[in-house]
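Understanding the architecture of this molecule
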Amino acid sequence: MELKITCIPGDGIGPEIVAEAKKVLDAVAAKYGHVMRYTDILMGGASIDVHGVPLTEEAVETAKSADAVLMGSIGGDTTTSPWYKLPPNLRPEAGLLAIRKALNLFANLRPAVLYEELAGACPLKKEISAAGFDMMIMRELTGGLYFGERKTVEENGVRKAIDTLTYDENEIRRIAIKGFDIARKRRKKVTSVDKANVLDSSRLWRKVVEEVAKDYPDVALEHMLVDNCAMQLVKDPAQFDVILTENMFGDILSDEASMVTGSIGMLASASLNDTKFGLYEPSHGSAPDIAGKDIANPIATILSASMMLRYSFDLDQEADAIDNAVKSVLQAGFRTADIMSEGCQRVGCRQMGDLLTERI
Ligand code: NAD
């Protein structure tokens, strides 16, 4: 199979971690008989330095012509970098917002996995972390409170701010379908999270999710109120497979879930549109404090590449090969600095990429 992939190395550690991800993807291609066609584009600070803007039209067109986009991370030190003296619409992050919009990415996926070998980094009690967890938070990305009408007014000398939470059934249906499709590739359970005891938008969410569930009789569906979900994430995270939720709830819950893993350098993510197309990137930022030192952890980006194979190309076996290589490297005791613990062997970014490549 020929895979057309647009790469965005970006800023800070971005180019280092994307280089390692390409190395691992090349090993997958060699083993399973695929051809990877990469085209790099500039975004964020790297694009500002060359073109004066964080994302050009040509870069967007290149991304659109690919089957998927693999990104490192963008941005610099927000207090010292000259990029942050520019107006907000010309700063690095504006490039990310623009590409998400241009590619119509509405479903955000953030896996939170606790690896047995890294359980020590988990801030939860041992009896909870011992069970491990492996969940996927699916967050709607383009609707809800963050995109509704908003205004601040003054009434009789009192300032008043209004935000509007709106969802129509089509917006809910398309993310629910994605959620059930993804659950089918996992442990076949969807927990739909809402606040249906209070919000009309949540009551519609619940109805539409139930309608979609009828087409997926093999997937178990449960509903959970968002406040309960926030508690369950720290009380019994092992119960979750796919958590399906709207924009603001997902924003908060996905950060909570990633923090309970305790390992920022391990967390992948993806944003999908209504085709197989997706943008895959680590959850962390560009870590300018460690850029260029060959100490960054490339695993989050490599696991993002694995998600790309699984969700954009349906290459589950190849994605499993990457996920198993990560487990095997951790079991063998190799660690980058951010996940280092006593008795393990510390390796750099490049060596971690080599160790994973060897195991494909
Ligand atoms: P960050 O995630 O870049 O770094 C936070 C801390 O985690 C730092 O100490 C860093 O060294 C460490 N870290 C992050 N990734 C690591 C890795 N792979 N290996 C080892 N250590 C790692 O967050 P920040 O410092 O708040 O932001 C830095 C820049 O990144 C900012 O410009 C911010 O806007 C940008 N950012 C970009 C994205 C993105 O591209 N999607 C996301 C978040 C932040």
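Residues numbered from 1 in each chain as written. Predicted model: local features only at pLDDT ≥ 70, side-chain atom pairs only at ≥ 80, totals over all residues. Heavy atoms only, no water.

**Concerning the packing of aromatic side chains**
Under the definition given, this model contains two aromatic pairs. When the ring of Tyr167 is compared with that of Trp205, the centres are 5.7 Å apart and the planes differ by 70°; the resulting orientation is edge-to-face. You can see Tyr167 sitting in the loop between β7 (158-163) and α6 (169-184) and its partner Trp205 sitting in helix α7 (residues 200-213), a full 38 residues away along the chain. Seen in terms of ring centroids, Phe180 and Tyr216 are 5.1 Å apart; in terms of plane orientation they differ by 25°. Their pairing is stacked. You can see Phe180 sitting in helix α6 and its partner Tyr216 sitting in the loop between α7 and β9 (220-225), a full 36 residues away along the chain. Across this residue pair, the class does not change: Phe180 and Tyr216 are buried. The ring centre of Phe106 lies 3.9 Å from the NZ or CZ of Arg174, which sits over that ring. (Phe/Tyr/Trp six-rings, centres within 6.5 Å; stacked < 30°, edge-to-face > 60°. Helix = DSSP H or I, 4+ residues; strand = E, 2+ residues; numbered from the N terminus. Buried < 20%, exposed > 50% of the residue type's maximum accessible area, 1.4 Å probe, protein only. Lys NZ or Arg CZ within 6 Å of the ring centre and 35° of its normal.)

**Quick notes on helix α10 (residues 299-312)**
Note: α-helices contain 3.6 residues per turn, so residues at a spacing of three or four share the same orientation. With 14 residues, α10 extends 19 Å between its outermost C-alpha atoms, agreeing within 8% with the 20 Å of an ideal straight helix rising 1.5 Å per residue. The element α10 is extensively covered by neighbouring structure, given that 14 of its 14 residues are classed as buried. Taken from the residues just after α10, Asp314 is the one with a positive phi, measuring 55°. (Expected span 1.5 Å × (residues − 1).)

**Overview of the domain arrangement of the chain**
Each assigned domain of the chain is listed with its residue range as follows: domain 1 (1-110 + 268-360) and domain 2 (123-261). Here the C-alpha centre of domain 2 lies 25 Å away from the C-alpha centre of domain 1. Taken together, the two surfaces of domain 1 and domain 2 that pack against each other cover about 1400 Å², and 57% of this comes from carbon and sulfur. For the domain 1 face of the interface with domain 2, the top three residues by lost area are Phe106, Asn108 and Arg110, together amounting to 51%. In this structure, the connection of domain 1 to domain 2 is made through three salt bridges. At the boundary of domain 1 and domain 2, one finds eleven residue pairs in polar contact (both at pLDDT 80 or more). Secondary-structure elements contributing two or more residues to the side of domain 1 that touches domain 2 are β4 (107-114), β11 (268-272) and α10. Take the side of domain 1 that touches domain 2: its biggest share by element is four residues, from β4. By residue class, the composition of the side of domain 1 that touches domain 2 is seven nonpolar, five polar and five charged. (Domains from an automatic or database assignment. Buried area = accessible area lost by both parts, 1.4 Å probe. Salt bridge = Lys/Arg side-chain N within 4 Å of Asp/Glu carboxyl O. Polar contact = N/O pair within 3.5 Å; in protein donor to acceptor, adjacent residues only side chain to side chain. Nonpolar A, V, L, I, M, F, W, Y, C, P; charged D, E, K, R; others polar.)

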